[in-house]
Each structure stands twice: as structure tokens, then as C-alpha cells.
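Close look at the chain arrangement
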Amino acid sequence: MDIDKLFKVPKLPSGSNKRRLPDNPTPEMLKRMRMDAEVSESSPSVIDLNGGSSSRDKGKGRATTVEDEEEEGQPSTEADFAPGGDADYFAEEDDEGRFFGGGLTKEQKDILNIFDRAGGEEAREDLEEMNVTTVRRLLTRFEKAVNKNQDQRSKYPDDPTKFIDSEADLDLALKALLPLAQSPVVAYPEIIRSGAVGRLIGLLSHENMDIVIDVVEVIHEFTDEDVGNEVEDEEEGEGSREDALKQLVQSFIDNAVLELLVDNLNRFNEEEESDRQGIFHVLGIFENLLGFNAELSTQLVSKTKILPWVLKRIESTKHDENRGYAAEILSILLQNNGPNRLELGKLGGVDTILKVLARYRKRNPVDADETEFMENLFDVLCSALSEPEIKEQFLELEGVDLMVLMMKDKMQARSRAIKVLDYAMSGPAGTAACETFVEALGLKTLFSTFMSKAGKKQKATAGHAASEDTAHTLGIVSSLLSNLASESPARIRLLAKFVENNYEKPEKLLEIREAAQARLRATDKDIEDEKKRWEAEGEEIGPEMEDLWYLRRLDGGLFTLQTVDYILGWIAMEDDGIRAHIQKLLARKSQSFKDVVKTLQIFHDNVDEDKTEASLDGSPSQREILRNLIVFLEAC
């Protein structure tokens, strides 16, 4: 077998004009190219107007040569049609015609061309070998470009022709910094030491928005969480990638990068594609920084006007990528952050979000991106509703009524509306929302969802997890039983739901309970096996590991089991007929209220102390309620 022949490729026709092929040429097309190339070795190639190729001797009729096309000023038809987009796939051969190829895509060749324009072969070498000397050389070029542009602009502020060249050089110098993100351990300390951070941040105030966009792209690349992953192993001896990124991020923060980035959001014109990309990269920088240090979210909200901008951006009736990204950033800013949630309320953010979500009452999102946008806004509401002040605003703005209407309309937003109600009605601060929910006739829709049949796949699996709708429905029922006043009309209407249709709802509760028990048994078995392995290896099991296992049990069915047994305890204590029916159903499974008590005792022992304080109206805390339920059921 002749290896040379296997890798031999046809020689191209002379001249700069190559025939255009599809991105993925078929073997037959390449074979025809080879045949045409053999003919071209003895005579110049011409290209027929109809797209065919022939020899100058055999061509009939008018044939346009490469020289003709260039004289007529027609654009070149050169294209990258090689596998992988290799720009040199058919251009680089040795004397025997064997393929070497550059292995570079068009984008990679463009980057190399930037380096060529910035410094010729020396700059090419900088890209190939990234060391301290290389980094310093690139940063020096960048500094010179910045200084030259500032000098030209200060001398000729009213004559762009005088500083346009220096602006182009600055653009190239900024793009030349992008590869530094590949070697953060080497590059980032030098970037900080040289003062390049201050120069970069200073350029965010540049008059030319194209320069600002370049800077944003550089900062976005530098702060990406995956920077330097491809060469991390080679740099282990020189320091930590995370430490280098941490130092650079802190340097950016110290130079007021957050404030300047937010100020630039209003400078962008989203009618322009480049500006839209600029906004996308700014939001990406915020995500990078918050992902690296979540505590920066408080600083971002308190020191900038990011929340007003985000709220205004999500109000748009036209959905696009940046609108979706803005909702995602809003969700991140409110995660586990009480001050930011309260600031959202002060700015009227709850009202804004409810108005946007109201659009999905009668229609579904048009695609997956808009669906994600809608879900992010529902998540923002759920997060904000952890604060009592936001629950009060939500009630005043008729948020409960809107969520009940969404439940009834059964559009895609229905499940998310149930989740929001679960958060709004939880805890003592949710008492008013519970009363409003009953007044808005939410019980009928709620229990219709609760009694809905499981899908075939769920029926096939005995231990399937309760659906998300069912889980949040249980949470709402639990909150209603905890918050509605005894003997109140709303509570009587709630208890009547458990009696109607021959106690079908307590039966449904026990079905869910059985499925949760099956899941929990499987989880407990896995944990027990893990404990045995630890003991066999002589590992000490500390409190932290016990807490992790408890969280696994909660996810593995215990949380659902606790919620169901909490509801069963309440309705058994409230109504004699319900209690007798539950006892009968439990006896069929060889169980009793003692099994319910065991679950409630675990629930009682693990209730967060911070959440056990009684409400201002004197109603009992959750721990007190659990203790009373346990005492009652033990006496049954």
C-alpha cells in the first residue's frame, strides 16, 4: 500500500480563484477535482460561467479566466470548504504532493493575522509560547497603544482623521490580549503588576463604543470560570489558577469595574448587533464575577443601578437573548440575599414582575428561550417571597389573585403559579395570603390539581417521586392548616374538602405516603451501605456527614413523607370521621398513627430553631404545633 497516494491531494488551479465547494464535499466531488487537476497540469484552468471547469483548448463559447474576473472587479469566490474549516487544507503540500495542512480555522487565522499586523513574526511567536516575557511584551504594546491614542485624541479632539489610525492600533492591541486568558497563572499577575487593569477599566469610558466593546470582551474572557483549564496541568508548579483569577477579580473590583460596566449599559444601542453583543458580554461578566464570589451581588446592587436597568429591560414586549439574560442575572442577584430582595421591593420590582408574568396567563412562551425567561421570573418571585415585606407587597398587588387565575387557566405558567403560592403562603407571614387564597376560590383548583391522576410512567414505578405540582400542593395545604384560624369560615371550607366524596383526599394522601416510604427505604439502604463501607475503612463519621445524609434522606422521600404526615395529623385532630377513616386505611397496611408519630418526631427534632418563633399575633410556632400533634396522635 502506497501511503503517499492515500494522502495525495490535487493541486489547485493557478491564480487566486479557487472553485467553491460545499462545507462538506462528497468523495465524488473530490474525485472530480483530482481529474480536473490532472488536466490543469498540462494547460491553464478556466472557469465556465455555468460553473463547469474545462481546458482553454477544449472550452467552447465564452469562458471567463481568473484574470478576467479580477479585471472586472468581481469578488473572489475563495471559501473554506475543507473538513474542520481548515483554511490551508488544500494549500500546504510538500514536493511530493502529500498533505500537511495548517490545522487552523478561519477564525484562528484571523487572530494570527491580528498578531501579524501588531508585530509580525515576533507577535506570532508570542502566541505560540506564552511566558512572562511574552506577556510583558504584549502588555507593553497595549500600554503604548493606549498612550498614543490618548495623546492623538487630546491633540486633535475635533479631527478624527488624526487619531483614527491610533484607534485602529488600540483595537488590535486589545484583541491581542485575548490569548492571555489561556495562561492565567503566568499572565494575570503581570496584568496586575503592570497597571494594565487600570488602563482597561479606564477605556470603559472611551468615546468610541467599539473600543468599549473590545474592553468588555477582554474582561469577559479574563473572568471566565474556565480560563486556563487546557493548560492547568502544565502550570501546577507555578501557582493556582483560582488564586490568579481571584487576584485579578479583586483588582477589577478595586478599580470600580462594576460601576463602570453598569454605566455603560445605557450607552449601548441595541439596534446595532455589536452593541447587543456588548450588553451580552457585560451581563456575562456579572455572571462570571457572581459565580466566583456570590457576596459581590450585594455590592453590585447597592453601588450601581443594575436593578433599575434589569427591571426596565425585562419589561420589553419583544423577547430576545439579552432580555432572557437580564432575567437570569436578576435571579442570581436575589439568591440567598435579603438586602437585594428588599431593594427589589423598594424599586417596585414585584409590580413589574407581576405585570410581565400576567402576559403568560392566556398564552404560552413561543420557544424554549422564552420559557426559560418566564421560569426565571417565577423563580425571582419565589426568592423574593422569603421576605415578609415582599409577601405583604405581593398581597397588596393582588399577586395571590393572579396566581389563582393562572392555576385555573391551565397554561404553561400554571405549575409555576402553584410554586409561587407555596412560597407566598408559607410561615406566619403568609397568613393573610392563605385567607385571600380561600376567598379567591383557590381551593377547588388546588384540590383538582392534587387529585389529578399520575401518568402511565409514574404508575409503572411504585416508588416514583411526587411530581413538582403535587409537592407544592402539599406545601400549600400544610400552610393553610397552619395559618387559618380555628373555627374560621375559611378553615371549615378547607376541612370540608377532606370529607367530600367519601374521604377521597385522605386516601390520596396515603397513596403519596406509601410512594414516599418506598423511595425513603431505597435511600436508607444506600446510606446504610455507605456507613458500613466507612466503618470497614476505619473512617470516623462526624456530625457534618450525618447532616449530609439527612439532606439526602429529605431528597429521597423524607420531606414528602413529613409533609403528608403533618397534614394527616392536622385533619385527624380536626375531624373524628377523617381520623377513623385514616386509622382504617393504615390498618390495612399493618400501620397505625404510631408510624405517623415517628415521622413527626424526626420533623420536630430537625426544625430550624430560627423558624420556631411564634408570630406577632400569638399563634404557635411550627415546633409547638408538631409537639401538640405528636401528643394527640400518641393518645389515639
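Predicted model, so just to flag it, every value in this text is computed and none were measured.

Time to look at the overall build of the chain. Broken down by element type, the chain carries 30 helices and three strands. Taken across its 636 residues, the chain has 44% of its residues classed as buried. If you take every contact in the chain between residues at least 6 apart in sequence, the share linking residues at least 24 apart comes to 69%. Here the chain displays about 33600 Å² of accessible surface, and carbon together with sulfur accounts for 48% of that area.

Attention now moves to a negative patch on the surface. On the surface, Glu 321, Asp 367, Asp 369 and Glu 372 cluster together into a negatively charged patch. With respect to the secondary-structure elements, Asp 367 resides in the loop between helix 17 (349-358) and helix 18 (368-384).

Owing to its 3.6 residues per turn, the α-helix aligns residues three or four sequence positions apart on the same side. Taking 1.5 Å per residue, 17 residues should reach 24 Å; helix 18 reaches 24 Å between its end C-alpha atoms and fits that length. Judged by how many residues are buried, helix 18 sits mostly within the fold: twelve of 17 residues are covered. In this structure Asp 367 caps helix 18, since a side-chain oxygen of it lies 3.3 Å from the backbone nitrogen of Asp 369.

Moving on, we come to the side chain of Ser 251. One can find Ser 251 in helix 10 (residues 241-254). Its relative accessible area of 12% is what places Ser 251 among the buried residues. Residues in contact with Ser 251, not counting those within four places in the same chain, are Ile 192 and Val 197.

So, about the nonpolar core. By size, the foremost hydrophobic cluster in this structure holds 145 residues, and its most contacted members are Phe 222, Phe 286, Phe 437 and Leu 480. If you tally residues by element for this core, the top one is helix 9 (residues 209-222), at nine residues. Setting aside residues up to four positions removed in sequence, Phe 286 forms contacts with Leu 258, Leu 261, Val 262, Leu 265, Leu 300, Ile 306 and Ile 329. The next biggest cluster of nonpolar side chains, apart from the first, holds five residues, and it includes Ala 516, Tyr 550, Leu 558 and Leu 561.

Next up on the list: the packing of aromatic side chains. On inspection of all chains with the given rule, the structure shows six aromatic pairs. Judged by centre distance (5.6 Å) and plane angle (55°), the ring pair of Tyr 188 and Phe 222 falls under tilted. Remark: Phe 222 occurs in helix 9 and Tyr 188 occurs in helix 7 (residues 184-193); sequence separation between them is 34 residues. Like Tyr 188, the residue Phe 222 is buried in the burial classification. Each ring, one from Phe 447 and one from Phe 498, has its centre 5.5 Å from the other, and the planes form 85°; the classification is edge-to-face. With Phe 447 in helix 23 (residues 442-450) and Phe 498 in helix 26 (residues 489-536), this pair connects stretches of sequence that are 51 residues apart. Residues Phe 447 and Phe 498 agree in their burial class; the two are buried. One cation-aromatic arrangement involves Arg 153 over Phe 163; the distance from NZ or CZ to the ring centre is 4.2 Å.

This part covers the environment of Glu 315. Inspection of the secondary structure assignment puts Glu 315 in the loop between helix 14 (306-314) and helix 15 (321-334). The exposure class of Glu 315 is partly exposed, given its relative accessible area of 38%. Distance in space between the C-alpha atoms of Glu 315 and Lys 355 is 8.3 Å, their sequence separation being 40 residues. If we skip the residues at most four places from it in the chain, Glu 315 touches Thr 352, Val 356 and Arg 359.

On to helix 13 (residues 296-303), then. Of the residues making up helix 13, those classed as buried are Leu 296, Ser 297, Leu 300 and Val 301. Relative to the axis of helix 13, the buried residues are bounded by an arc of 135° and lie together on one face. Among the exposed residues of helix 13, those pointing more than 90 degrees away from its buried face are Ser 302 and Lys 303. For helix 13, the elements touching its buried residues are helix 10, helix 11 (257-265), helix 12 (273-292), helix 14, helix 15 and helix 16 (338-346).

Here we take up the packing of helix 25 (residues 468-483) against helix 26. In contact at an axis separation of 14 Å, helix 25 and helix 26 are set at 140° when each is read in the N-to-C sense. Compared by their axis directions, helix 25 and helix 26 come out oblique. Taken as a pair, helix 25 and helix 26 cross one another with a handedness that is left-handed. Residues Thr 470, Leu 474, Val 477, Leu 480 and Leu 481 of helix 25 touch helix 26, and the partners they reach there are Arg 491, Leu 494, Leu 495, Phe 498, Leu 509 and Ile 512. The class makeup of the residues in the contact of helix 25 with helix 26 is nine nonpolar, one polar and one charged.

This part takes up the confidence of the model for the chain. Looking at the chain, pLDDT values average 81 and 74% of them are 70 or higher. For residues 455-466, every residue scores under 50 in pLDDT, and the model assigns this stretch 13 contacts once sequence neighbours within four places are set aside.

A few words now on unusual backbone geometry. Despite not being glycine, Tyr 503 has its phi angle at roughly 60°, a positive value. Position of Tyr 503 among the secondary structure elements: in helix 26. Tyr 503 sits in the partly exposed class, given a relative accessible area of 22%. In the Ramachandran plot, Ser 590 falls in the positive-phi region, its phi being about 60° despite a non-glycine side chain. You can see Ser 590 is positioned in the loop between helix 28 (576-588) and helix 29 (593-605).

Within the element layout of this structure, Met 451 appears in the loop between helix 23 and helix 24 (456-460). Along the sequence, Met 451 and Glu 504 sit 53 residues apart, while their C-alpha atoms lie 8.6 Å from each other. Once residues lying within four places of it in the same chain are set aside, the contact partners of Met 451 are Glu 504, Lys 505 and Lys 508.

Next up on the list: the side chain of Arg 323. Relative to the assigned elements, Arg 323 resides in helix 15. The side chain of Arg 323 is buried and forms no salt bridge, while Glu 370, the nearest opposite charge, is found at 4.7 Å. Arg 323 has contacts with Arg 313, Ile 314, Ser 316, Lys 318, Val 356, Arg 359, Tyr 360 and Phe 373, leaving out every residue within four places of it along the chain.

Procedures and definitions
Position labels on residues start from 1 in each chain and follow its written sequence. The model is predicted, so local features are restricted to residues of pLDDT at least 70 and side-chain atom pairs to those at 80 or more, both for listing and for counting; the totals for chains, interfaces and linings are taken over all residues. Heavy atoms throughout the structure, all of them, feed into the side-chain values; hydrogens and water do not. Strands are runs of DSSP state E lasting at least 2 residues, helices are runs of H or I lasting at least 4, and numbering of each runs from the N terminus. Exposure categories follow from relative accessible area, calculated using a 1.4 Å probe and restricted to protein chains: below 20% of the type maximum is buried, above 50% is exposed, and the middle band is partly exposed. Throughout, a residue-residue contact means that at least one pair of heavy atoms, one from each residue, lies within 4.5 Å. In this description, accessible areas are obtained by the Shrake-Rupley approach with a 1.4 Å probe, and a residue is regarded as covered only by the protein chains that are shown. Every patch collects residues that have over 30% relative accessible area and no salt bridge, joining them within 9 Å if they carry like charges and within 5 Å if they are nonpolar side chains (Val, Leu, Ile, Met, Phe, Trp, Tyr). The term salt bridge refers to a side-chain nitrogen of Lys or Arg lying within 4 Å of a carboxyl oxygen of Asp or Glu. For this count, His and the chain ends are skipped, Lys and Arg are scored as positive, and Asp and Glu as negative. Lys charges are placed at NZ, Arg charges at CZ, Asp charges at CG and Glu charges at CD. Take the number of residues in a helix, subtract one, and multiply by 1.5 Å to get its expected span. Any pair of N or O atoms that falls within 3.5 Å is considered a polar contact. Within protein, one atom must be able to donate a hydrogen and the other to accept it, and sequence-neighbouring residues count only if both atoms are side-chain atoms. Definition used in this section: a nonpolar core is a set of buried Ala, Val, Leu, Ile, Met, Phe, Trp, Tyr and Cys residues joined via side-chain atoms within 4.5 Å. Any pair of Phe, Tyr and Trp rings, taking the six-membered ring for Trp, is counted once the centres come within 6.5 Å. Such a pair is stacked with planes under 30 degrees apart, edge-to-face with planes over 60 apart, and tilted for the rest. Ring-over charges, as used throughout, are those where CZ of Arg or NZ of Lys falls within 6 Å of the ring centre and within 35 degrees of the ring normal. Working note: the arc is built from the helix axis to C-beta atom directions. Axes here refer to lines fitted to C-alpha atoms; in helices the fit is confined to the stretch in contact. Angles between the N-to-C directions go from 0 to 180 degrees. Roughly parallel here means an angle under 35 degrees, roughly antiparallel means over 145, roughly perpendicular means 65 to 115, and every remaining angle is called oblique. Crossing handedness follows the turn of the near helix against the far one: under a right angle anticlockwise gives a left-handed crossing, and clockwise gives a right-handed one. When residue character is reported, Ala, Val, Leu, Ile, Met, Phe, Trp, Tyr, Cys and Pro are called nonpolar, Asp, Glu, Lys and Arg charged, and the others, Gly included, polar. pLDDT is a residue-level measure of predictor confidence that goes from 0 to 100.

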